[in-house]
Amino acid sequence: MNVIVFASRKGGSGKSTLAAHLAAHAHKTLKSCLLVDADPQGSLSLWQRLRGTGEPPIKTAVRSVGEIVAAAKRDGYEWVFIDTPPTIAAVVDDAIRHATLVVIPARPGVFDIDAVVETISTCRSARKPYAVVMNGAPARRDDVESPLVTIARESLAKMRAPVWGGQVTNRANYVLALSHGEGAREYDPDSRAASEIGRLWAAIERSVKAIRGTASANGAMHRQAA
Ligand SMILES: Nc1ncnc2c1ncn2[C@@H]1O[C@H](COP(=O)(O)OP(=O)(O)OP(=O)(O)O)[C@@H](O)[C@H]1O
Ligand SMILES: [Mg+2]
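Below is a summary of the structure that appears in this document.

Analysis parameters
Residues numbered from 1 in each chain as written. Chains lettered and ligands numbered in written order. Predicted model: local features only at pLDDT ≥ 70, side-chain atom pairs only at ≥ 80, totals over all residues. Heavy atoms only, no water. Salt bridge = Lys/Arg side-chain N within 4 Å of Asp/Glu carboxyl O. Pairing = 2+ DSSP bridges. Helix = DSSP H or I, 4+ residues; strand = E, 2+ residues; numbered from the N terminus. Phe/Tyr/Trp six-rings, centres within 6.5 Å; stacked < 30°, edge-to-face > 60°. Polar contact = N/O pair within 3.5 Å; in protein donor to acceptor, adjacent residues only side chain to side chain. Contact = heavy atoms within 4.5 Å. Near = heavy atom within 4 Å. Areas by Shrake-Rupley, 256 points an atom, 1.4 Å probe, with all protein chains shown as cover. Expected span 1.5 Å × (residues − 1). Buried < 20%, exposed > 50% of the residue type's maximum accessible area, 1.4 Å probe, protein only.

1. Things to note about the pattern of salt bridges
Overall, the coordinates contain 6 salt bridges when judged by the stated rule. A salt bridge links arginine 140 to aspartate 143; the shortest N-O distance between them is 3.3 Å.

2. Side note on the sheet that holds strand E6 (residues 130–137)
An order of E3-E2-E4-E1-E5-E6-E7 is seen for the 7 strands of this open sheet, with the pairing classed as parallel. Both outer strands of the open sheet, strand E3 (58–60) and strand E7 (168–169), are each paired with one neighbouring strand and no more. Note: strand E5 (residues 101–106) against E6, 5 bridges, orientation parallel. Residue pairing in the sheet places valine 103 in a bridge with alanine 131 of E6.

3. What about the packing of aromatic side chains?
A full pass over the atoms with the stated rule returns 3 aromatic pairs. For the pair tryptophan 79 and phenylalanine 81, a centre-to-centre distance of 6.4 Å together with 20° between the ring planes defines the contact as stacked. One aromatic cluster in this structure is built from Trp79, Phe81 and Trp201.

4. Points about the side chain of aspartate 83
Here aspartate 83 lies in strand E4 (residues 79–83). One polar contact links aspartate 83 to serine 16, side chain to side chain, over a distance of 2.6 Å. Excluding residues within four positions of it along the chain, aspartate 83 makes contact with Phe6, Lys15, Ser16, Ala19, Val36, Asp37, Ala38, Asp39 and Leu44.

5. Overview of the site of ligand 1
With respect to spatial proximity, 20 residues lie near ligand 1, and among them Gly12, Lys15, Ser16, Thr17 and Asn135 are the closest. Between ligand 1 and the protein, one listed contact pairs an oxygen atom with a backbone N or O atom of glycine 12 at 2.9 Å. Interatomic distance of 3.1 Å between a backbone N/O atom of serine 13 and an oxygen atom of ligand 1. Compared with its free state, where it exposes 630 Å², ligand 1 has 78% of that area covered by protein. Looking at the shell around ligand 1, the elements that each hand over two or more residues are helix H1 (15–30), E6, E7 and helix H7 (172–179). The element contributing the most residues to the shell around ligand 1 is H1, with 3 residues.

6. Focus: H1
Here H1 spans 21 Å end to end across 16 residues, near enough to the 22 Å set by a 1.5 Å rise per residue. Burial analysis of H1 places 12 of its 16 residues in the buried class, which makes it a mostly covered element. Positive phi shows up at lysine 31, right after H1, with a value of about 55°.

7. Looking at the environment of alanine 152
Relative to the elements of secondary structure, alanine 152 occurs in helix H6 (residues 147–158). Taking relative accessible area as the criterion, alanine 152 reaches 3% and is therefore assigned buried. Along the primary structure alanine 152 and leucine 50 are separated by 102 residues, whereas in three dimensions their C-alpha atoms are 34 Å apart. In contact with alanine 152, other than residues within four places in its own chain, are Pro108, Ile113 and Met134.

The structure is reproduced here in structure tokens:
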């Protein structure tokens, strides 16, 4: 079983957004996903209610995720997606301790990039693989990345933080899909948002295979924290 944890001390970086879109994307094919909402704000729970299907199932975690993760394993789930709050809460550290891979969403701004340091250091102390994912990025023009994203990547490279090579662009479709209780692919399968989430999911699957030792780390987006 693989546990993907979305964590960042920066509010509004996109933890709940990426958790919901990736879970919807994965659930469509795998049908073996569990959501865990560890944030009292309840964004992921709201989205799951808006879906109205009860799928993927969701559990709420208050102080720890250990029992939920253990039960999910017994129940045969393949993937668990844990959304966490932007606070210094014990549940965030606990979720990271249970992670197969920690996804740290970051918007490409100087304050946003600076704020990932703390989450990275938690991942490093827990010796957990992690990767930063650029979210809310300006659209690429003529397939060229915005200077804002390039500068953000340079800052992250100085921190020796592993970063996904792609980006999740700032798009209304991401918000519209969520307000319908859907993921990007369900909302519009031919959209750019759907293909970005598909690419991010493929990168996560590659990383998890490398972490599990069933594939080489070539092309994986994470770094094994040591
Ligand atoms: N790629 C995107 N394009 C457009 N809007 C986005 C994108 N990512 C996030 N948003 C919007 O930004 C806001 C913050 O996103 P989200 O709630 O996912 O962040 P968060 O990290 O979970 O925040 P918190 O720390 O408060 O839990 C939301 O209104 C969301 O719809
Ligand atoms: Mg959130």
